[in-house]
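Here is what each chain is made of, one letter per residue.
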Amino acid sequence: MRNFNPYEARARADAKEKVGELLERFGKTDLGEFSEEEAEELLTVVIHEFGESLRTQIAELRAPF
């Protein structure tokens, strides 16, 4: 696994938090039990939240530490 830079690491943590909320809403954690729609929503949340966090951090000129 590659090392994430500090911005990416924060974005990954932010995305993980949103995924946790989604899993609670679904009431399941076994990906094998997800419907196709649920799996698509999970991936959308991961991609969107990662990118949104990076954009926010850069727009706010946050220090990456």
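Described below are features of the structure shown in this document.

1. Quick look at the side chain of Gln57
No. 1: Mapped onto the elements of the fold, Gln57 is located in helix H2 (residues 36-59).
No. 2: Assessed through its relative accessible area of 3%, Gln57 is described here as buried.

2. Some thoughts on the pattern of salt bridges
No. 1: Under the criterion given, the structure shown has five salt bridges.
No. 2: In this structure, Glu21 and Lys18 form a salt bridge, with 3.9 Å as the shortest nitrogen-oxygen distance. With Glu21 and Lys18 both in helix H1 (residues 6-26) and three residues apart, the pair spans about one turn of that helix.
No. 3: According to the relative accessible area criterion, Lys18 is partly exposed, its value standing at 33%.
No. 4: The partner of Arg25 in a salt bridge is Glu41, with the nearest N and O atoms 2.3 Å apart. In this pair, Arg25 is assigned in helix H1 and Glu41 in helix H2, connecting sequence segments 16 residues apart.
No. 5: With a relative accessible area of 31%, Glu41 lands in the partly exposed category.

3. Quick word on the packing of aromatic side chains
No. 1: Overall, the coordinates contain one aromatic pair when judged by the stated rule.
No. 2: Summarising the aromatic geometry, the rings of Phe26 and Phe34 are spaced 5.4 Å apart at their centres and angled 90 degrees between planes, so their arrangement reads as edge-to-face.
No. 3: Since its relative accessible area comes to 16%, Phe26 is described here as buried.

4. Some remarks on H2
No. 1: If you check H2, its first and last C-alpha atoms are 34 Å apart, about what 24 residues at 1.5 Å a residue would give, namely 34 Å.
No. 2: Those residues of H2 not exposed but buried are Glu38, Leu42, Val45, Glu49, Gly51, Ser53 and Gln57.
No. 3: Immediately downstream of H2, the backbone of Leu61 shows phi near 50 degrees, a positive value.

What counts and what doesn't
- Residues numbered from 1 in each chain as written.
- Predicted model: local features only at pLDDT ≥ 70, side-chain atom pairs only at ≥ 80, totals over all residues.
- Heavy atoms only, no water.
- Helix = DSSP H or I, 4+ residues; strand = E, 2+ residues; numbered from the N terminus.
- Buried < 20%, exposed > 50% of the residue type's maximum accessible area, 1.4 Å probe, protein only.
- Salt bridge = Lys/Arg side-chain N within 4 Å of Asp/Glu carboxyl O.
- Phe/Tyr/Trp six-rings, centres within 6.5 Å; stacked < 30°, edge-to-face > 60°.
- Expected span 1.5 Å × (residues − 1).

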